[in-house]
Amino acid sequence: MDIIAWILITLSFIIAFVGLIYPIIPSVLFILLGFILYGVFYSFGDLPWWFWVIQILFVSLLFGADTLANAFGVKKFGGSNAGMWGSTIGLLIGPFVIPIAGILLGPFLGAVLAELIVNRSSVKQAIRTGIGSLVGFLTSIITKGIIQIIMIVIFVIVI
């Protein structure tokens, strides 16, 4: 039974890291699932209250990091709210339309198209906004990856 438990816990952590690249997968929820699976298979008593407080703070940070990184990237490069929304929509749709390249092209094209269509920005400004959305997305991946690693390291130290 231990092998099955650890396979499921590890699998949930792996899926969480896949969710960094494919944002349709709620990565932070899979990290929490790994902790909950540990509690179900072993004991929630092994995970003290302060562990849960720290993890909930990290979960809040992860939810905010995505939005803030995208907004920062788009705004820093002169984009608007339309560019930010276009980037987000492109990020969700891109990987399905263009399987591998869509991960990067989706947010870029989404931001560019939104700026061109909604704000009637110049092509040059729309491309700058697209680059900003890429910078925000890549910053978000790195930030969330580091936070997720910290969450798992804390979990491993506690157990």
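Preceding this paragraph is the structure being described.
Computed from a predicted model, the values in this text were never measured in an experiment.

(A) Quick peek at the overall build of the protein chain. For the protein chain, the helix and strand inventory stands at six helices and zero strands. Its helices and strands taken in sequence order, the protein chain reads α-α-α-α-α-α from the N to the C terminus. For the protein chain, the spread of C-alpha atoms along the principal axes amounts to about 60 × 30 × 20 Å. Just so you have it, the protein chain exposes about 8600 Å², and 80% of that area is on carbon and sulfur atoms. The distance from the centre of the 6 positive side-chain charges to the centre of the 4 negative ones in the protein chain is 29 Å.

(B) Expanded view of the packing of aromatic side chains. Using the criterion set out here, one finds 13 aromatic pairs in the structure. Between Phe13 and Phe155, the ring centres sit 5.7 Å apart and the planes meet at 80°, which makes this aromatic pair edge-to-face. With Phe13 in helix H1 (residues 2-21) and Phe155 in helix H6 (residues 123-158), this residue pair connects regions lying 142 residues apart in the sequence. Of the two residues, Phe13 and Phe155, both sit in the buried class. Note on Phe51 and Phe155: the rings are 6.3 Å apart at their centroids and 50° apart in plane angle, and the pair reads as tilted. Residue Phe51 is found in helix H3 (residues 49-76), and its partner Phe155 is found in helix H6; the two are separated by 104 residues along the sequence. On the accessibility criterion, Phe51 (0% relative accessible area) is buried. Under the relative-accessibility criterion, Phe155 is labelled buried at 1%. Each member of the aromatic cluster is reached from another via a ring pair, and the members are Trp6, Phe13, Phe35, Tyr38, Tyr42, Phe44, Phe51, Trp52 and Phe155.

(C) Here's a closer look at helix H2 (residues 27-41). With 15 residues, H2 should cover 21 Å at 1.5 Å per step; its first-to-last C-alpha distance of 21 Å lies within 8% of that length. Listed in full, the buried residues belonging to H2 are Ser27, Val28, Ile31, Leu32, Gly34, Phe35, Leu37, Tyr38 and Gly39.

(D) Expanded view of the nonpolar core. Within the largest apolar cluster, 20 residues are counted, with the highest numbers of intra-cluster contacts made by Phe13, Ile31, Phe35, Phe51, Met151 and Phe155. Looking at this core, the elements that each hand over two or more residues are H1, H2, H3 and H6. Setting aside residues no more than four positions away along its own chain, Phe51 makes contact with Phe35, Ile154, Phe155 and Val158. Residues Leu20, Leu91, Phe137 and Ile141 belong to the second largest nonpolar core, which totals five residues.

(E) Region of interest: the packing of H2 against H6. Between H2 and H6, whose axes approach to 11 Å, the crossing angle comes to 5°. Classified by the interaxial angle, the pair formed by H2 and H6 is roughly parallel. Taken together, the residues of H6 that come into contact with H2 (itself represented by Ser27, Val28, Ile31, Phe35 and Tyr38) are Gln148, Met151, Ile152 and Phe155.

(F) The packing of H1 against H6, seen in detail. Closest axis-to-axis distance for the H1/H6 pair is 8 Å, and the angle between their directions is 160°. By the criterion of interaxial angle, the relationship of H1 to H6 is roughly antiparallel. With respect to the hand of their crossing, H1 and H6 are arranged in right-handed fashion. Residues Trp6, Ile9, Phe13, Ala16, Phe17, Leu20 and Ile21 of H1 touch H6, and the partners they reach there are Phe137, Ile141, Lys144, Gly145, Gln148, Ile149, Ile152 and Phe155. Of the residues contributing to the contact of H1 with H6, the split by class is 12 nonpolar, two polar and one charged.

(G) Spatial organisation of the environment of Ala5. The residue Ala5 is located in helix H1 in this model. Take Ala5: its relative accessible area is 1%, and that puts it in the buried class. Separated by 37 residues in sequence, Ala5 and Tyr42 have C-alpha atoms that sit 8.7 Å apart. For Ala5, the residues in contact, after removing those within four places along its chain, are Phe41 and Tyr42.

Conventions and cut-offs
Residues numbered from 1 in each chain as written. Predicted model: local features only at pLDDT ≥ 70, side-chain atom pairs only at ≥ 80, totals over all residues. Heavy atoms only, no water. Helix = DSSP H or I, 4+ residues; strand = E, 2+ residues; numbered from the N terminus. Areas by Shrake-Rupley, 256 points an atom, 1.4 Å probe, with all protein chains shown as cover. Lys, Arg positive; Asp, Glu negative; His and termini not counted. Charge placed at Lys NZ, Arg CZ, Asp CG, Glu CD. Phe/Tyr/Trp six-rings, centres within 6.5 Å; stacked < 30°, edge-to-face > 60°. Buried < 20%, exposed > 50% of the residue type's maximum accessible area, 1.4 Å probe, protein only. Expected span 1.5 Å × (residues − 1). Core = buried A, V, L, I, M, F, W, Y, C linked by side-chain atoms within 4.5 Å. Contact = heavy atoms within 4.5 Å. Axes fitted to C-alpha atoms, helices over the stretch in contact; angles between N-to-C directions. Parallel < 35°, antiparallel > 145°, perpendicular 65-115°, else oblique. Left-handed = near helix turned anticlockwise from the far one by under 90°. Nonpolar A, V, L, I, M, F, W, Y, C, P; charged D, E, K, R; others polar.

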